[in-house]
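# Fold and geometry: a report
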Amino acid sequence: MRVDKEIKGKTYIKLMQYIWTKSDVVSLRKWHNQHPDITSKVLNIILKAENCSIQDIVNKYSDDFLNEIYAKFLYNKDIFDEEFCTRHGNGLIEVEKKYRKIFLSDCIGRSYYDATTKQWLDQYKENIIYQKEYIYDDVILNKKIHQDTTYFLELTESLKEDILSMNAIYSWCFPLMLEDISFFKDGYCWLDSVAHEELCFIYCKDEEEYEYLKSIGIEFIEDHFVPVSEDEVYYVDYNRKD
């Protein structure tokens, strides 16, 4: 059943505590950089000019830090060179300014995302029981693109504390953390989310569970319990050894 409003705050905490009785595995997705050469070029320019490291960016990352980067590099000709301007065009000033901010945010955000998600996955590497790769054929570039990896982790108390600290379902999103948190029991998905699209689905077992979830503050699109059959629920064989 589709959730209407984001689950956050006290409702998120209560849901996570309930989920621990319903699930044995959590999944999180990491999106891979599709433009590493461009990101690397921009970061090298910024790191050299600021005389700092990737770890410095991780430590300083905030809205204020991004605003400092905008002020210093929004019209940097090494970043926004002739090739960039030719490729993207020179539109209205405000539109162009907004696009440049988004471009810089994505590059800085990517460095933060890659560093923090690597650290997080290293911390919980013993919990990872399965990972699923998504690779597709890019017909334009004529090559295979590794788009994302979904990690399936066994739930533990230490992992529970980290999950509770996020305080909202859609906080699991680029560039702050791994994305699209979902929960499974015996391979069947109980809660499925797509954070950047603000989508969340909960597969309620019965009307009693539906009413309980409503009582802790979860709002559904449907105004009544809608049962689903087992074959309608997303299933992953995360015990496979391939």
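The structure presented is a predicted model; accordingly, all values stated were derived computationally and were not measured. (Residues numbered from 1 in each chain as written. Predicted model: local features only at pLDDT ≥ 70, side-chain atom pairs only at ≥ 80, totals over all residues. Heavy atoms only, no water.)

The next point concerns the pattern of salt bridges. Enumeration according to the criterion identifies nine salt bridges in this entry. Residue Glu209 is joined to Lys22 by a salt bridge in which the shortest nitrogen-to-oxygen separation is 2.9 Å. One end of the pair, Glu209, is in helix H8 (residues 207–215); the other, Lys22, is in the loop between helix H1 (9–19) and strand S1 (25–31), with 187 residues separating them in the sequence. Take Glu209 and Lys22: they sit in the same class, and that class is buried. With a closest N to O distance of 2.5 Å, Asp180 and Arg29 form a salt bridge. (Salt bridge = Lys/Arg side-chain N within 4 Å of Asp/Glu carboxyl O. Helix = DSSP H or I, 4+ residues; strand = E, 2+ residues; numbered from the N terminus. Buried < 20%, exposed > 50% of the residue type's maximum accessible area, 1.4 Å probe, protein only.)

All right, on to the packing of helix H2 (residues 36–50) against helix H4 (residues 63–73) then. Between H2 and H4, whose axes approach to 12 Å, the crossing angle comes to 95 degrees. Considering the angle they form, H2 stands roughly perpendicular to H4. In this structure, H2 uses Ile45, Ile46, Ala49 and Glu50 to contact H4, whose residues at the interface are Ile69, Lys72 and Phe73. Its residues placed into classes, the contact of H2 with H4 shows five nonpolar, no polar and two charged. (Axes fitted to C-alpha atoms, helices over the stretch in contact; angles between N-to-C directions. Parallel < 35°, antiparallel > 145°, perpendicular 65-115°, else oblique. Contact = heavy atoms within 4.5 Å. Nonpolar A, V, L, I, M, F, W, Y, C, P; charged D, E, K, R; others polar.)

To continue, consider helix H7 (residues 157–166). Given 3.6 residues per turn, any residue in an α-helix points the same way as the ones three and four places further on. Every buried residue of H7 is accounted for by Leu159, Lys160, Ile163 and Leu164. Buried residues of H7 fall within an arc of 140 degrees about the axis and therefore sit on the same side. At the C-terminal side of H7, Asn167 shows a positive phi close to 70 degrees. (Arc of directions from axis to C-beta.)

The strands that make up a sheet are held in pairs by hydrogen bonds between backbone atoms, and each pair lies either parallel or antiparallel. The strand order across the open sheet formed by six strands is S2-S3-S1-S4-S5-S6, and the pairing between neighbours is antiparallel. The open sheet has two edge strands with one neighbour each: strand S2 (128–138) and strand S6 (199–202). When strand polarity is set aside, the average angle formed by the axes of neighbouring strands in this sheet is 20 degrees. In this sheet, strand S4 (residues 179–185) lies alongside S1 in antiparallel orientation, the contact comprising four bridges. Bridge assignment links Val25 to a residue of S4, and that residue is Phe184. (Pairing = 2+ DSSP bridges.)

This part covers H1. Buried residues of H1: Thr11, Tyr12, Leu15, Met16, Tyr18 and Ile19, and no others. Looking straight down H1, one finds its buried side chains confined to an arc of 160 degrees; they lie on one side. Along its buried surface, H1 packs onto H7, S4, strand S5 (188–194) and H8.

What follows concerns the nonpolar core. Counting 40 residues, the largest nonpolar core has Leu15, Trp120, Ile163, Phe183, Ile202 and Leu213 as the members making the most contacts within it. No other element matches the five residues that H1 contributes to this core. Not counting residues up to four positions away in its chain, the partners in contact with Leu15 are Ile7, Trp190, Leu191, Leu213, Ile216 and Ile218. Judged by nonpolar contacts, the second largest core, of 23 residues, contains Val42, Ile57, Tyr70 and Phe103. (Core = buried A, V, L, I, M, F, W, Y, C linked by side-chain atoms within 4.5 Å.)

Below, the discussion takes up the side chain of Arg110. With respect to the secondary-structure elements, Arg110 resides in helix H6 (residues 93–123). Of the polar contacts made by the side chain of Arg110, one reaches the backbone oxygen of Trp31; its length is 3.0 Å. When near neighbours in sequence (up to four residues on either side) are disregarded, Arg110 contacts Trp31, His32, Asn33, Thr39 and Phe174. (Polar contact = N/O pair within 3.5 Å; in protein donor to acceptor, adjacent residues only side chain to side chain.)

All chains considered together, the criterion is met by 16 aromatic pairs. Their ring planes at 55 degrees and their centres at 4.9 Å tell us that Tyr113 and Phe174 sit as a pair that is tilted. Linking Tyr113 in helix H6 with Phe174 in the loop between H7 and S4, this pair joins segments that are 61 residues apart in sequence. Here the aromatic cluster, defined as three or more aromatic residues joined through ring pairs, consists of Tyr130, Phe152, Phe184, Tyr234 and Tyr238. (Phe/Tyr/Trp six-rings, centres within 6.5 Å; stacked < 30°, edge-to-face > 60°.)

Once that is clear, we can look at the pairing of strand S3 (residues 143–154). Of the strand pairs in this sheet, S1 and S3 are connected by seven bridges, and their pairing is antiparallel. Considered in S3, the bridge of Val25 is made with Glu154. Relative to S3, S2 is paired through ten bridges, and the arrangement is antiparallel. Residue pairing across strands places Tyr134 opposite Asp148, the latter belonging to S3.

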